[in-house]
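# Per-entry structural report
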Amino acid sequence: MNNRTRTLALALAGSAALLATLIGAAPAPAAPSAPKPASVHGAGKVFYPFSPKDDIRFTVDADGDPWSQPLKLENAEKGLPTDASGWVTVHHGVHGSDFAAVSRAKVDCLVTGGGTATLTAVVETSNVGWEGMRIGISVQDGRHGEPDRVGFSWGVANLDVHPDLTATQATVGTCMAPAPFTEVVQGGFKVTSAPLTTQPR
């Protein structure tokens, strides 16, 4: 082996040794972090066109807790992917009076997508007789300068209409709520969207 070939071989060997040292010393790549669960948090006053001067406010603290509420139902023995926990408070101050309707409800369902959430909650305390009623709330986290928005099941015609055109108030099923039809004019909400997860084994 001539001197030039020997020098090149030594240089290549040295480079390989340095590369091996650097690779060995480099930290292992971090494991991907677990996705954040779905959630809605915040408080806001909305403008409701049918009671434009009333003080209507919502406080929502809801977190997804998939497969945590077992049901006596086939394929739901481990719960549902939309199971959730948390609380909703509804405050409706009537303009021109000192009265405010206040209800506090326990969250039982949450589903999200694209910055919008739909959730339901069962009223536990109320000064207007709502105890035991399930209410539906939708929240849109405003993007690109758009305002946040809220919808609520009792604010639109949630009715069962019969063939003779009579109607009765309909019950609200889990995670069922209208589109977020009111605009938040004070405060705001943060929606963390997350995909639904499959049933654990």
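### Examining the state of the cysteines
One pass over the full model with this rule turns up 1 disulfide. What pairs with C109 in a disulfide is C175, and their sulfur atoms sit 2.0 Å apart. Its S-S torsion of about -105 degrees marks the bond between C109 and C175 as left-handed, since a negative value means left-handed. With a gap of 66 residues between them, C109 in strand β4 (residues 100-113) and C175 in the loop between β9 (167-169) and β10 (182-192) connect regions that are remote in the sequence. A relative accessible area of 2% places C109 in the buried class.

### Structural notes on the sheet that holds strand β3 (residues 84-93)
Reading around the barrel, the 8 strands line up as β1-β2-β3-β4-β5-β6-β7-β10 and close back on themselves, with antiparallel pairing between neighbours. Averaged over all adjacent pairs, the angle separating strand axes in this sheet is 30 degrees, with direction ignored. In the sheet, strand β6 (residues 134-140) pairs with strand β7 (residues 149-152) via 4 bridges, with the strands oriented antiparallel. Paired with Q140 across the bridge in β7 is R149.

### Here's the deal with the packing of aromatic side chains
Aromatic ring pairs are defined here through the distance separating the ring centres and the angle between the ring planes. A complete count under the given rule lists 8 aromatic pairs for this structure. Aromatic side chains F152 and F181 sit 5.1 Å apart centroid to centroid with 45 degrees between the ring planes, which places their arrangement in the tilted category. Of the two residues, F152 sits in strand β7 while F181 sits in the loop between β9 and β10, which places them 29 residues apart along the sequence. Following the ring pairs from residue to residue traces out a cluster consisting of Y48, F50, F58, W130, F152, W154 and F181.

### Side note on the pattern of salt bridges
Following the criterion strictly, the structure yields 2 salt bridges and no others. With its nearest N and O atoms 2.7 Å apart, the salt bridge here joins D55 to R57. A relative accessible area of 23% means that D55 is categorised as partly exposed.

### Some points on the confidence of the model for the protein
Here the protein averages 87 in pLDDT, while 83% of its residues score no lower than 70. Across residues 5-23 the pLDDT falls below 50, and counting only partners more than four positions away or on other chains, this stretch makes 1 contact in the model.

### Observations concerning the pairing of β3
Both strand β2 (residues 55-64) and β3 contribute to a ladder of 10 bridges, which runs antiparallel. Paired with A62 across the bridge in β3 is G86. Bridge count between β3 and β4: 7 bridges; the pairing is antiparallel. Pairing of V90 across the sheet is with S103, part of β4. Here β3 hands over to β4 after 6 residues, with G96 in that stretch at a positive phi of 85 degrees.

### What about the layout of surface pockets?
Each pocket or cavity is described by its volume, and for the largest pocket that value is around 190 Å³. Forming the boundary of the largest pocket are 17 residues, of which P37, A38, P66, A194 and P195 lie nearest the centre. Ranked by residues supplied to the lining of the largest pocket, first place goes to β4 with 3 residues. By residue class, the composition of the lining of the largest pocket is 10 nonpolar, 4 polar and 3 charged.

Conventions used here
- Residues numbered from 1 in each chain as written.
- Predicted model: local features only at pLDDT ≥ 70, side-chain atom pairs only at ≥ 80, totals over all residues.
- Heavy atoms only, no water.
- Disulfide = S-S within 2.5 Å.
- Helix = DSSP H or I, 4+ residues; strand = E, 2+ residues; numbered from the N terminus.
- Buried < 20%, exposed > 50% of the residue type's maximum accessible area, 1.4 Å probe, protein only.
- Pairing = 2+ DSSP bridges.
- Axes fitted to C-alpha atoms, helices over the stretch in contact; angles between N-to-C directions.
- Phe/Tyr/Trp six-rings, centres within 6.5 Å; stacked < 30°, edge-to-face > 60°.
- Salt bridge = Lys/Arg side-chain N within 4 Å of Asp/Glu carboxyl O.
- pLDDT = per-residue confidence, 0-100.
- Contact = heavy atoms within 4.5 Å.
- 1 Å grid on protein atoms, 1.4 Å probe; cavity = no way out; pocket = protein on both sides within 12 Å on 5 of 7 lines; lining within 4 Å.
- Points joined across faces, edges and corners; volume = space filled by probe spheres on them.
- Nonpolar A, V, L, I, M, F, W, Y, C, P; charged D, E, K, R; others polar.

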